[in-house]
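Analysis of the macromolecular model
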Amino acid sequence: MEENVTYTYRKENIEDCDVLKKEAGKHPHNGRNNSGLLYSGDSRLQNTNREDGMNECIATRKSFPEKSDINIQWSINKKKKIYKCQEFRESFEQKDNLTLHQMIHRGKKPYKCLKCGKIFRNNGNLTSHQRFHTGEKLYKCLECGKCFDHSRRFNDHQSIHRGEKQYKCLECEKTFRWKDSLTIHQRIHTGKKLYKCFECGKSFSRSDCLTVHQRIHTGEKPYKCMECGKSFSRSGSLTIHQKIHTGEKQYKCLKCGEVFSNNGNLTSHQRIHRGEKPYECLECGKCFDHSRRLSDHQSIHRGEKPYKCLECKKSFAWKVSLNVHHQRIHTGKKPYKCLECGKCFSYRGRFIDHQSIHRGDKPYKCLVCEKSFGWKDNLTVHQRIHTKEKPYKCHECEKSFQRKDKLTSHQRIHTNTKLYKCLECRKSFVRKDNLTVHQRIHTEEKPYKCLECRKSFRESGSLISHQRIHRGEKVSK
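Residue numbers restart at each chain and count upward from 1, following the sequence in its written direction. The predicted nature of this model means local features are confined to residues of pLDDT at least 70 and side-chain atom pairs, given and counted, to a pLDDT of 80 or more, with totals for whole chains, interfaces and linings taken over all residues. Hydrogens and waters are ignored; side-chain quantities use all the structure's heavy atoms.

Our focus in this paragraph is the overall build of the protein. Helix and strand counts for the protein come out as 17 helices and 32 strands. Taken over 477 residues, the protein has a buried fraction of 25%. Considering only contacts in the protein between residues 6 or more positions apart, those separated by 24 or more positions represent 13%. Of the accessible surface of the protein, which amounts to about 33700 Å², a share of 48% is contributed by carbon and sulfur atoms. What counts as a helix is a DSSP run of H or I of at least four residues, what counts as a strand is a run of E of at least two, and both are numbered from the N terminus. Three labels apply to residues, based on accessible area from a 1.4 Å probe with only protein chains included: buried if under 20% of the type maximum, exposed if over 50%, partly exposed otherwise in between. Contacts were defined at the residue level, with two residues in contact if any of their heavy atoms lie within 4.5 Å. For every accessible area listed, the method is Shrake-Rupley and the probe measures 1.4 Å; residues are considered covered only by the protein chains on display.

Like-charged residues within 9 Å of one another, or nonpolar side chains (Val, Leu, Ile, Met, Phe, Trp, Tyr) within 5 Å, are grouped into patches, provided each residue has over 30% relative accessible area and no salt bridge. Here, a salt bridge means any side-chain nitrogen of Lys or Arg that lies within 4 Å of a carboxyl oxygen of Asp or Glu. The charge count includes Lys and Arg as positive and Asp and Glu as negative, but it does not include His or the ends of the chains. For this purpose, a charge sits on NZ of Lys, CZ of Arg, CG of Asp or CD of Glu. Where like charges cluster on the molecular surface, the positive patch consists of Lys221, Lys230, Arg234, Lys319 and Lys333. What makes Arg234 partly exposed here is its relative accessible area of 47%.

This brings us to the pattern of salt bridges. Counted under the stated rule, the structure contains three salt bridges. We note a salt bridge from Glu276 to Arg274, for which the minimum N-O separation is 2.7 Å. The class of Glu276 is partly exposed, set by a relative accessible area of 35%. Arg274 gets classed as partly exposed once you look at its relative accessible area, which sits at 47%. Note that Lys393 is salt-bridged to Glu398, the shortest N-O span being 3.0 Å. Since its relative accessible area comes to 48%, Glu398 is described here as partly exposed.

What follows deals with the side chain of His466. Checked against the element boundaries, His466 lands in helix H17 (residues 460-470). By relative accessible area, which is 11% here, His466 ends up buried.

The subject of this paragraph is the environment of Leu98. Tracing the backbone shows Leu98 in helix H4 (residues 95-106). Separated by 14 residues in the primary sequence, Leu98 and Lys84 place their C-alpha atoms 7.2 Å from one another.

Another aspect to go through is the environment of His326. Considering the arrangement of structural elements, one finds His326 in helix H12 (residues 319-331). For the pair His326 and Glu311, spaced 15 residues apart in the sequence, the C-alpha separation amounts to 8.1 Å. Non-local contacts of His326, meaning those with residues more than four positions away in its chain, are made with Glu311 and Thr331.

This part takes up the confidence of the model for the protein. For every residue, the predictor states its confidence as a pLDDT score lying anywhere from 0 to 100. When pLDDT is averaged across the protein, the result is 75; 79% of the residues are at 70 or more. Scored below 50 in pLDDT, residues 1-46 shows 65 contacts in the model against residues more than four places distant or in partner chains.

Two rings belonging to Phe, Tyr or Trp (six-membered ring only in the last case) form a pair when the distance between their centres is within 6.5 Å. Interplanar angles under 30 degrees mark stacking, angles over 60 mark edge-to-face geometry, and anything in between is tilted. All told, the structure shown has four aromatic pairs when counted by the stated rule. Judged by centre distance (6.3 Å) and plane angle (25 degrees), the rings of Tyr139 and Phe154 are stacked. Within this pair, whereas Tyr139 is found in strand E9 (residues 139-140), its partner Phe154 is found in helix H6 (residues 151-162), the two being separated by 15 residues in sequence. Taking the centre distance of 6.4 Å and the plane angle of 50 degrees together, the rings of Phe148 and Phe154 count as tilted. Here Phe154 falls in the buried class, since its relative accessible area comes to 15%. One aromatic cluster is present, built from ring pairs that chain together Tyr139, Phe148 and Phe154.

Take the side chain of His297 next. On the secondary structure map, His297 appears in helix H11 (residues 291-302). Overall, the relative accessible area of 5% leaves His297 in the buried class. A polar side-chain atom of His297 sits 3.0 Å from a polar atom in the side chain of His301. Among all residues touching His297, those that are not within four sequence positions of it are Cys281, Cys284, Lys286, Phe288 and Trp318. We define a polar contact as two N or O atoms separated by no more than 3.5 Å, with the added condition that, inside protein, one atom must be a possible hydrogen donor and the other a possible acceptor, whereas residues neighbouring each other in sequence contribute only through side-chain atom pairs.

Once that is clear, we can look at unusual backbone geometry. A negative phi angle characterises most non-glycine residues, just as the trans form characterises most peptide bonds. Here the phi dihedral of Lys388 falls at roughly 60 degrees; this positive angle occurs in a residue that is not glycine. As for its position among the elements, Lys388 is in the loop between helix H14 (376-387) and strand E27 (392-393). By relative accessible area, Lys388 is classed as exposed at 66%. Phi angles above zero are rare outside glycine, and Asn416 is one such case at about 60 degrees. In this structure, Asn416 sits in the loop between helix H15 (404-415) and strand E29 (420-421).

Relative to the 16 Å expected for twelve residues at 1.5 Å per residue, H14 spans 17 Å between its end C-alpha atoms, a close match to the ideal helical length. Where H14 is buried, its residues contact strand E25 (364-365), strand E26 (372-373) and E27. Multiplying 1.5 Å by the residue count of a helix minus one yields the expected span of that helix.

Time to look at the state of the cysteines. Note on terminology: disulfide denotes any pair of cysteine sulfur atoms within 2.5 Å. Per the counting criterion, the structure on display carries zero disulfides. Cys256 takes part in no disulfide bond, and the closest cysteine sulfur to it belongs to Cys253, at a distance of 3.8 Å. For Cys256, a relative accessible area of 43% corresponds to the partly exposed category. No disulfide involves Cys369; its nearest neighbouring cysteine sulfur is the one of Cys366, lying 3.7 Å away. The exposure class assigned to Cys369 is partly exposed, which follows from its relative accessible area of 37%.

Pasting the structure below:
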């Protein structure tokens, strides 16, 4: 006699589980009364009419005294990954996870932040992102107490305490604690600059560098010193500035004893002693000891003047030129005072170079002829004698000059500007040195003396011409 068997099941469970399909196939609906195929709240395929009173799980053929035990067994079976992605053959335990995964292939990002509108592929990333807006930081380091909004950042931070640098560059083998740092570093090798300024077209390898750069155009300075009210476009610049008020200078040069408020400035300074200039301009071959100076120099070739004075709208190619212009013209401040002679300076570089005069130092040495200078600018100008470089070009007549002040003086010839006036006879001159030579007519000063015959001259050129007589050279008239 055929046993009367009753099954209860949920249709989609049979379709999703290969094991259940096989079991369902053993009991086809062949025309008999199928009223025993019922939907049950426990949603399990089970034999409920066994003679021994036990409940049998059709999927596994295991017997249980209670229906609830079949539920437990079913949950164990469900841990099998039965939802498979046809793109990468990846499997998932839940159909919802497969649906979310497939959105990656379709490029969809269904989860949107209501605060800023940013969209994400999955809810987990959205949840992590929302912690930026709420300020919530769930992950706390037990070593130092620092908190993080994401487990990955927390794990990366812990590697600092362990001394680990697990992210390695395959090009140069440099190692990093943070994956983001490695990604940014690799752009050095690839030359990628993904972030472009729409104002001037300059590109950057990092988004934060573009953000800081754009403040040049907007004039924004969000970082304010609470001591003196001075504002800065970079947080790092504010941190360095604050050390002026605290007097903190912990980085000391072992060569000359000069101290610096940050390690970056010390490293750049040490290149002066080693004569290193690792940053080369591909346009003209000129080399620099600091990346910022190279960037500023390249703006000369592009004809850019990105640094704009907010007072008079005058533009400059160099940031230091803007700073000096603002201090000298608009504020008249000269905050750096020499305690030896009382002379004041508008910016720190000139002040430091001036102090070397009192010490008798000449720290800037030419590597070609070994001549030394007390001022870095003087060394830079001197080196152009060896390189024959004349970077300052007149756009009127194409004549070039080694020094900017020479170009400025020369341009007055085209404009017929005569700024320098003699107070004795009211005669005016284009160049200051011409006025100085002219004034010797009134003072009868002749500072250039021939050592052979003791004859004196007002101009050095006249002395040089005269000395040719003693050497037997022909003097052109």
